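Okay, here's what each chain looks like letter by letter:
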Amino acid sequence: MPVDCAFQTTIERISILDEHGVYDEQLGEGLIPDSDVVALYRHMTMCRHFDEIAFKLQRSGRMGTYPQNKGQEAASLGAAYALEDKDWLVTCYRENAGLFWRGVDPEKILLHWMGDERGNHIPVRATPLAIPIGTQMLHATGLAWASKYRGDGGIGCTFFGDGATSEGDFHEAMNFAANLDLPVVFVCQNNSWAISVPTRIQCSAPTIAQRGLAYGMHSVQVDGNDIFAMVKVVREAAERARCDNRPTFIEAVTYRLGDHTTADDASRYRDPEELKLWEARDPMIRLRNWLEQRDLWDENQEQAQRIENEAIVSGIVKRAEEIEPPTTNDIFNWMYAETPKVLETQRKTMRTSSLGQGFDGV
Amino acid sequence: MPVDCAFQTTIERISILDEHGVYDEQLGEGLIPDSDVVALYRHMTMCRHFDEIAFKLQRSGRMGTYPQNKGQEAASLGAAYALEDKDWLVTCYRENAGLFWRGVDPEKILLHWMGDERGNHIPVRATPLAIPIGTQMLHATGLAWASKYRGDGGIGCTFFGDGATSEGDFHEAMNFAANLDLPVVFVCQNNSWAISVPTRIQCSAPTIAQRGLAYGMHSVQVDGNDIFAMVKVVREAAERARCDNRPTFIEAVTYRLGDHTTADDASRYRDPEELKLWEARDPMIRLRNWLEQRDLWDENQEQAQRIENEAIVSGIVKRAEEIEPPTTNDIFNWMYAETPKVLETQRKTMRTSSLGQGFDGV
Amino acid sequence: MANLTLVQAINLALTQEMEKDDRVLLLGEDIGANGGVFRVTEGLHDRFGGDRVVDTPLAESGIIGTSIGLAMGGLRPVPEIQFEGFLGPAYDQLCTHAGRMRSRTRGGLTVPMTVRVPVGGGIHAPELHSDSPEAIYSHNPGIKVVMPASPYDAKGLLISAIRDPDPVIFFEPKRIYRAFREEVPEEEYTIPIGKARVAREGTEMTMVSWGASVVQCMNAIEESGRDIELVDLRTINPLDMDTVATSVRKTGRAIIVHEAPSNCGVGAELSARIMEQCFLHLEAPVQRVTGFDTLMPYYKLELEYLPNAERIGKAIVETAAY
Amino acid sequence: MANLTLVQAINLALTQEMEKDDRVLLLGEDIGANGGVFRVTEGLHDRFGGDRVVDTPLAESGIIGTSIGLAMGGLRPVPEIQFEGFLGPAYDQLCTHAGRMRSRTRGGLTVPMTVRVPVGGGIHAPELHSDSPEAIYSHNPGIKVVMPASPYDAKGLLISAIRDPDPVIFFEPKRIYRAFREEVPEEEYTIPIGKARVAREGTEMTMVSWGASVVQCMNAIEESGRDIELVDLRTINPLDMDTVATSVRKTGRAIIVHEAPSNCGVGAELSARIMEQCFLHLEAPVQRVTGFDTLMPYYKLELEYLPNAERIGKAIVETAAY
Ligand SMILES: Cc1ncc(C[n+]2csc(CCOP(=O)(O)OP(=O)(O)O)c2C)c(N)n1
Ligand SMILES: Cc1ncc(C[n+]2csc(CCOP(=O)(O)OP(=O)(O)O)c2C)c(N)n1
Ligand SMILES: [Mg+2]
Ligand SMILES: [Mg+2]
């Protein structure tokens, strides 16, 4: 037949607990034990409080630029909950909730934004926050490959924004994972904006999820503000990775409720109506309602939690602020496993040229 | 609905004259006037002869590495036929047939492979052969953008291999074209191989055509050895570009009948059976049969054409070989519009340091 | 004549060139409604519309690759890369294509584009927002590299860059984006690319620098109380060695100051050429005061890394005493 | 002990390291069944299988980016980039991540990978198959840069590179891939990274070079009939200045030879450091004999571009006479 069908497909959109509080009992069945839902909610409130305090630290000059995570907590938290400790979390910078759940010390994240590399020394399977957009997915792919090669049972799960899907490295990571059969879960947090640029400039297709079709990859769209749906799709994706070494592409539809970072002013480019719409879809509010409907949570607990969060976060801030300052030595100490002579000289003399220095460079 | 359909699509595969000589009269109706089909066939034979001679020039040490085009003539020729002179041809290196049809002097292509930049000075709307794989599609996108901006009615048409679709720049070009509404036709010559690497390592999806779905781009698969089908899909794509500023992605399924280049030996990695299969699908043989069935061509004409081709190509070779050698001056002449002093000095002295030279560097 | 910051001077130059020549268009990330993350393109989207001030997808290779196409197609694109740390993804398009097109086609196709890039440290920014890659793009032939050290120069050099028939990387030292103001004429003027400026005359020694470091040099010279000549390169590729060598032949001593790492930096090239061209005049070895051969640290330590008046002062004392 | 080409020596080193350490795996374009376009990995796919010798998609950033992940995940990847001209797309992953990971994480994550890359001109190859970008990767901190000039060195340096805890770019001068053979021990041995080799002792002047140019230097020295010391750097970053400076202090004169453009090349760095460290010993300015500050031309003119015995000879005469 001269006009033939070469390829045909559909992409599903998954939601379990929607913005109106409607919960799909069938899909939600046995997904998360109630006690865990409570724990996830409590964690989310702590992360939200951390986020607000981090914002204030910047505003009061106690920290540098900080990207608020507000409104996007469910996506990374649901994923982290669905994964195992041996899996790599390769995140961008709006995944505090998932990283903290995994056990990354929150003060490290503050340290990072306080301009201190010690914030990136993390003893769990997580890479440092990715500043250059779109580059980290290749590392997840390589880490997943290493796990497959070594047979350690781990997989890679990487997070990135809608903007990041415009970078060439995104394409290369997806393509390597698909064609070399690597156990990676790609989670795109489509939060509608890349700084001031709306998603349609990054992807004018009806969904970002369909980016995955280019690689013959299993692709799905999910309500990223619905932690139940997140847990479900990431769990399935993790299984597909772990058992079949096949990657999955997940578009988590969410929204950045804050400015891009503290250096940004979204009112320059964003319709306040849009913001209102999404404030009503806040993953935290949604989850609290679900819990209250089921008598798993009440206002008293909420109050107590608030007080606990304040104590936790002020402890975090204290530890981050009280760390001894880094020394100039640190600039040189970590460049190579063994510091070359030229760096030793520069360290000792705080100079680059050896003018006036002895012949052996000291 | 909690599991919803977010996206649904199909991709068509177009063929008009198939490998068995079956011609779809409906799709083929009025597509190409008979006299033009004859001209296209004659051109194809000339290109094939050129290709063989170029190969021999390399083998006899009269030229450097050369990538044979053999078997892929229909794809670029069909496209060039469907396009207009004001449209940009942004090719890789297996598009001699299309470039020559457009008016690129074949001796330029020889000069290029003879290691002579003068081969890239081309007075038509075509860019030089692209050696770095996958990078030229962005130029096509920019050229198309310039045409749109200036309103000169031109579009961009770019060619690249299956391997090239693995590069990040491919993704970025497709994404820019789709999201910024640019008039570009992307033609992927899927010839089954990227040197020794089979297509499934570049793209494990069922089709390469579906790469276009990632951008919401109109995407189609076509029999790239069927010049009729090529003309049809490129014509439609050109119209979509010219009238609606919308790009198209075309996967032209073809086959590299030769080695990758004269530096390659495909017998190291390629099953000879596969080659045989594709030799039977040769676009030139297919077209000749079509012409002969319709009494538009016969053995006498074939003989005459062969003699004509020999004359043409030996003229080309003669001109390419007889060009005066480039001079060392040429190394310096073309770096900048105005040659900076340091280059003038290097040119004059054939040295890089100014040791022993006068103060003003002469 | 208005008293402008460097940001304002660039904005003015862009506005005037866009008014004058409709082949000029801007593209980049967040340069439209947002006016750029440093507000350099503020107001231009409103004034010239979305066809001439274009928010692109988040893809630096794409920005530069399409700009090459735009330029070959007869336009004068002025792409912005948001920070120098994100030039990396565009490295290949810049060095493999932009810098080679004229030569490769023997003049058949050319790439008159101006890549605007904020550069350098000192503003307490996150990782990869404080580097100085000018040596990288100077080593790769075919690309001109410009870095102004003042609002006045910024306007004149940017206009020259936009009109230049070859690709120019126009580095904007973000540390002095708003650090001071200067009288900048309203009318258009150009400052030639490839010519250095003697920012301060002197006889005791020569100091060569560019970008934000020029300010540090000026401070160090003033603190030193010595009669030091300061050459602000303005253009890093091609180097104006005549101005540098004339000065060093006069003073016999030279110090080069830049933020980038020392190893294979522009300071090395200057030092080597000064030796080649002024050997018999040199009374002391040329001294380099630069960033270390390490990464630019996160901001808690960035001021330890950047050459400052104190480190420059030390070099002055030692060079004078040699 | 066998008489091997540089290609064979590398193949032998790869074989032995893969035998010894199953964390070592190779990835790249056409390295599998095809054995690489230069046949450097010939036979390794058969011997070690498709899990350890992996043909990847055609994407250099992907190759290096996944190698970074492989290395952080505890393996010792040895990616191949087919030609140095195609390192460009991987520039960002190399300089933004590979070279920064250890420092950025204060030692938490490291990238022990060895990037193999054929380099340099002289083989009549097409465009972008003949460049020498070693200065680029030396200016970017955190990456070691190695270039052997002989089969013996190639084996020992490659083994060191694979075992090195930090990222190494291992440039293989393609002009001497098969140009000559040398006795290469069968048993494993290492040559330390960061140490230069005095390839020829002499007293009249010092010549510094690396890679294929070492052969040109040797020819020029022999033709000159002079007593010249030749230092083969072996490692380009970090530079072994002790060996270079010891030699120049002895001879008082120095010539640096490399294929890359002069401007901001490694020659500039060497020249600057020689001045800094040997100023009072220098009897002539350090001379550079390099590629021009132009593109490497297509192959009809490439021998005009590359430093050859004649150009080096001219520098010898002038430096001696200064
Ligand atoms: C390679 C690169 N280019 C540009 C930037 C500047 N930048 C920082 S965040 C950002 C937008 C990112 O958008 P998205 O990927 O959607 O993530 P989001 O911030 O929305 O979570 C940009 C352009 C960068 N950090 N890295
Ligand atoms: C960026 C880059 N990487 C690697 C190469 C080396 N190389 C030349 S051709 C080729 C394969 C290209 O395959 P494909 O795109 O399918 O085109 P084909 O040769 O099959 O027409 C490779 C890897 C290159 N030229 N450029
Ligand atoms: Mg976003
Ligand atoms: Mg192919």
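Every chain is numbered on its own, with residues counted from 1 as its sequence reads. A letter from A marks each chain and a number from 1 marks each ligand, given out in the order of writing. Thresholds applied to this predicted model are a pLDDT of at least 70 for local features of residues and 80 or more for the giving and counting of side-chain atom pairs; totals over whole chains, interfaces and linings are not thresholded and use all residues. Hydrogens and waters are ignored; side-chain quantities use all the structure's heavy atoms.

## What about the coordination of the magnesium ion (ligand 4)?
Residue and element names in this part refer to chain B. Quick reminder of the rule: As a rule, N, O and S atoms within 2.8 Å of a metal are its donors, except that Na, K and Ca use 3.2 Å; water is not among the atoms, so sites may look incomplete. For the purposes of this entry, the term helix denotes a DSSP run of H or I that reaches at least four residues, the term strand denotes a run of E that reaches at least two, and both are numbered from the N terminus. The rule is simple: take the accessible area with a 1.4 Å probe, protein chains only, and divide by the maximum for that residue type; under 20% is buried, over 50% is exposed, in between is partly exposed.
Around the magnesium ion (ligand 4), the protein contributes the donor atoms Asp 162 (OD), Asn 191 (OD1) and Trp 193 (O), which lie 2.0 to 2.1 Å from the metal centre. The motif formed by the donor residues of the magnesium ion (ligand 4), counted along the single chain, is D-x28-N-x1-W. One end of the pair, Asp 162, is in the loop between strand S3 (156–161) and helix H7 (168–179); the other, Trp 193, is in strand S5 (residues 193–194), with 31 residues separating them in the sequence. Trp 193 carries the same exposure label as Asp 162, and that label is buried.

## Side note on the packing of aromatic side chains
Formally: Put simply, two rings from Phe, Tyr or Trp (the six-membered ring, in Trp's case) pair if the centres are within 6.5 Å, and we call them stacked under 30 degrees between planes, edge-to-face over 60, tilted for the rest. Any Lys NZ or Arg CZ that is within 6 Å of a ring centre and within 35 degrees of that ring's normal is treated as a charge sitting over the ring.
One pass over the structure, following the stated rule, counts 43 aromatic pairs over all chains. With 5.6 Å between their ring centres and 55 degrees between their planes, Phe 160 of chain B and Phe 170 of chain B make a pair best called tilted. A residue pair is termed long-range when its members are at least 10 positions apart, and Phe 160 of chain B in strand S3 and Phe 170 of chain B in helix H7 qualify at ten residues. With respect to burial, Phe 160 of chain B and Phe 170 of chain B carry one shared label: buried. Consider the rings of Phe 38 of chain D and Tyr 177 of chain D, whose centres lie 4.9 Å apart with planes at 50 degrees: the pair is tilted. In this pair, Phe 38 of chain D sits in the loop between strand S2 (24–28) and helix H2 (44–48) while Tyr 177 of chain D sits in the loop between strand S7 (168–173) and strand S8 (182–184), placing the two residues 139 residues apart along the sequence. Across the pair, Tyr 177 of chain D and Phe 38 of chain D agree in class, each one buried. Grouped by ring-pair contacts, the aromatic residues Phe 160, Phe 170, Phe 186 and Phe 249 of chain A constitute a single cluster. Taking the ring centre of Trp 278 of chain A as reference, the NZ or CZ of Arg 281 of chain A above it sits at 4.4 Å. Geometry around Tyr 23 of chain B places Arg 294 of chain B over its ring, the cationic atom sitting 5.2 Å from the centre.

## Side note on the relation of the copies chain A and chain B
For the record, the criterion: To line up the copies, we fit them by least squares on C-alpha atoms, keeping just the residues with pLDDT of at least 70 in both. Note on definitions: a residue-residue contact is assigned when non-hydrogen atoms from the two residues lie within 4.5 Å.
Least-squares fitting of chain A to chain B yields an RMSD of 0.0 Å, with the transformation described by 0.0 Å of translation along the axis and a rotation of 180 degrees. These values place the two chain copies in the arrangement generated by a two-fold rotation axis. Rotation axis and chain A: the residue whose C-alpha lies nearest the axis is Gly 168 of chain A, separated from it by 1.7 Å. The overlap is high: 100% of the interface residues of chain A also sit at the interface in chain B, so the same surface is used on both sides.

## Some details on the domain arrangement of chain A
The condition that has to hold: Where each domain starts and ends comes from a domain assignment, either automatic or drawn from a database.
Taken domain by domain, chain A holds domain 1 (13–326) and domain 2 (332–362). Spacing between the C-alpha centres of domain 1 of chain A and domain 2 of chain A amounts to 42 Å.

## What to know about the interface of chain A and chain B
Filter applied, for reference: A quick way to say it: buried area is the sum, across both parts, of accessible area lost when two parts are put together, with a 1.4 Å probe. Note on definitions: salt bridges are taken to be side-chain nitrogens of Lys or Arg within 4 Å of carboxyl oxygens of Asp or Glu. In the analysis that follows, any N or O atom pair within 3.5 Å is treated as a polar contact, provided that within protein one partner can donate a hydrogen and the other can accept it, and provided that, for residues neighboring in sequence, both atoms belong to side chains. Residues are sorted three ways: Asp, Glu, Lys and Arg are charged, Ala, Val, Leu, Ile, Met, Phe, Trp, Tyr, Cys and Pro are nonpolar, and all the rest, Gly among them, are polar. If DSSP finds at least two bridges between two strands, the strands pair.
Each side of the interface is counted separately: chain A has 41 residues, and chain B has 41 residues. Counting the surface lost from both chain A and chain B, the interface buries some 3,300 Å², and carbon and sulfur atoms represent 54% of this. For the chain A face of the interface with chain B, the top three residues by lost area are Pro 2, Phe 7 and His 171 of chain A, together amounting to 18%. Our count for the contact surface shared by chain A and chain B stands at zero salt bridges. Along the contact surface separating chain A from chain B lie 29 residue pairs in polar contact (both at pLDDT 80 or more). Sorting the residues of the side of chain A that touches chain B by element identifies strand S1 (3–14), helix H7 (168–179) and helix H8 (199–202) of chain A as the ones contributing at least two each. Residue classes in the side of chain A that touches chain B are distributed as 17 nonpolar, 16 polar and eight charged. By the bridge criterion, eleven bridges tie S1 of chain A to strand S1 (residues 3–14) of chain B in an arrangement that is antiparallel. If you follow Glu 12 of chain A over to S1 of chain B, its bridge partner there is Cys 5 of chain B.

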